[in-house]
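Residue strings, one per chain:
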Amino acid sequence: MNTYVTGNTIKQLREGRNLTQAELAQMIGVSSKTVSKWETAKGLPDITLLQPLAQALGISVIELMNGEQITNRNVSANLLRGKFYVCPVCGNAIHSTGSALVSCCGITLPPLEAEEADEDHGITIENVEDEHFITVHHPMTKEHFISFAAFVTCDRIQMVKFYPEGNAETRMQLRGRGQLYYYCNRHGLFRKKV
Ligand SMILES: [Fe+2]
């Protein structure tokens with residue numbers, strides 16, 4: 001991840017929009033020499049210019065900072081094609097219906113890839129009346145715990161937060177076919193087909 005916009009990013013985006021340095025400069029109220037300096041790594045745009053610069057280049061500030069443009073083609077938004085992102089610093093858990101550039105605590109978060117349940121991260125699902133009782137068989141200490149579980153179908157997501165020193169168990173209504181995801185703070189994302 002870049003911590004700030006780079007000259008290469010500005011140049012690529014400017015050329016992608018068929019703008020000259022002078023045209024871009026005029027749009028954001030600087031000189032073409034200034035834009036030239038940015039693009040050749042001899043200077044950086046002031047932070048107050050990031051918003052107008054992103055706007056002139058047709059992207060968001062966060063995309064500009066990361067040098068990555070995201071096109072979300074998941075227009076039908078099948079949640080089963082969605083992605084989970086978890087911040088390793090604060091534990092923030094985010095689900096996105098499509099491609100996204102997700103940033104938390106100053107870190108760009110990669111979309112997580114789920115593994116099939118393994119013997120250290122087993123799960124049982126029992127029918128209880130019209131609900132399901134879900135238990136993840138895993139330690140729940142402050143250092144190593146399951147932080148959430150989520151049942152995802154094509155059109156619905158249910159998410160349950162767990163806390164260290166509690167139990168990694170919950171009731172959920174598992175309606176329809178889907179994936180049950182659960183996240184271990186040390187070992188990452190797991191899933192089980194339901
Ligand atoms: Fe674990």
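Peer 1: Give me the overall build of the chain: which residues, what numbers.
Peer 2: Looking only at helices and strands, one finds five helices and 12 strands in the chain. Here the C-alpha radius of gyration of the chain, 22 Å, is well above what a compact globule of 194 residues would show, namely 16 Å. Taken along its principal axes, the extent of the C-alpha atoms in the chain is 70 × 35 × 25 Å. Relative to its full complement of 194 residues, the chain shows a buried share of 38%. The long-range share in the chain, meaning contacts at least 24 apart out of those at least 6 apart in sequence, stands at 53%. When the accessible surface of the chain is split by element, carbon and sulfur atoms take 48% of a total near 11,200 Å². Charge centroids of the chain, computed over 19 positive and 20 negative side chains, lie 9 Å from each other.

Peer 1: I'd like a rundown of the coordination of the iron ion, residues and numbers included.
Peer 2: Binding of the iron ion to the protein goes through H121 (NE2), H138 (NE2), H144 (NE2), C184 (SG) and H187 (ND1), at separations of 2.1 to 2.4 Å. In the primary structure, the donors to the iron ion are separated according to the pattern H-x16-H-x5-H-x39-C-x2-H. A residue pair is termed long-range when its members are at least 10 positions apart, and H121 in the loop between β5 (115–116) and β6 (122–128) and H138 in the loop between β7 (131–137) and β8 (146–152) qualify at 17 residues. Summarising the burial analysis for this pair, H121 and H138 share the class buried.

Peer 1: Summarise the sheet that holds strand β12 (residues 188–193); cite the residues concerned and give the values.
Peer 2: Taken in spatial order, the five strands line up as β5-β12-β11-β8-β9 in an open sheet, and their pairing is mixed. Among the strands making up the open sheet, the edge pair consists of β5 and β9 (157–161). Sheet topology places β8 next to β9; five bridges connect them, and they run antiparallel. Residue V152 lies in a different strand from β9, and its bridge partner there is I157.

Peer 1: Report on the pattern of salt bridges, specifying residues and quantitative values.
Peer 2: By the definition in use, this model includes six salt bridges. One salt bridge in this structure joins R14 and E15, with 3.9 Å as the shortest N-O distance. R14 sits in the buried class, given a relative accessible area of 7%. Judged by relative accessible area, which is 41%, E15 ranks as partly exposed. A salt bridge links R171 to E129, with the shortest nitrogen-to-oxygen separation between them at 4.0 Å. Here R171 is found in strand β10 (residues 169–172), whereas its partner E129 is found in the loop between β6 and β7, with 42 residues between them in sequence. For R171, a relative accessible area of 40% translates into the label partly exposed. Given the relative accessible area of 74%, E129 is considered exposed.

Peer 1: How would you summarise the packing of helix α2 (residues 21–28) against helix α3 (residues 32–39) if you had to cite specific residues and measurements?
Peer 2: With their axes 8 Å apart at the nearest point, α2 and α3 run at an angle of 110° to one another. Judged by the angle between their axes, α2 and α3 are roughly perpendicular. Packed against α2, whose contacting residues are Q21, A22, L24, A25 and I28, the element α3 presents S32, V35, S36, W38 and E39 at the interface.

Procedures and definitions
Residues numbered from 1 in each chain as written. Predicted model: local features only at pLDDT ≥ 70, side-chain atom pairs only at ≥ 80, totals over all residues. Heavy atoms only, no water. Helix = DSSP H or I, 4+ residues; strand = E, 2+ residues; numbered from the N terminus. Rg over C-alpha atoms; globule rule 2.2 N^0.38 Å. Buried < 20%, exposed > 50% of the residue type's maximum accessible area, 1.4 Å probe, protein only. Contact = heavy atoms within 4.5 Å. Areas by Shrake-Rupley, 256 points an atom, 1.4 Å probe, with all protein chains shown as cover. Lys, Arg positive; Asp, Glu negative; His and termini not counted. Charge placed at Lys NZ, Arg CZ, Asp CG, Glu CD. Donors = N, O, S within 2.8 Å, 3.2 Å for Na, K, Ca; no water. Pairing = 2+ DSSP bridges. Salt bridge = Lys/Arg side-chain N within 4 Å of Asp/Glu carboxyl O. Axes fitted to C-alpha atoms, helices over the stretch in contact; angles between N-to-C directions. Parallel < 35°, antiparallel > 145°, perpendicular 65-115°, else oblique.

Without other data, these values stay purely geometric and don't point to any function.
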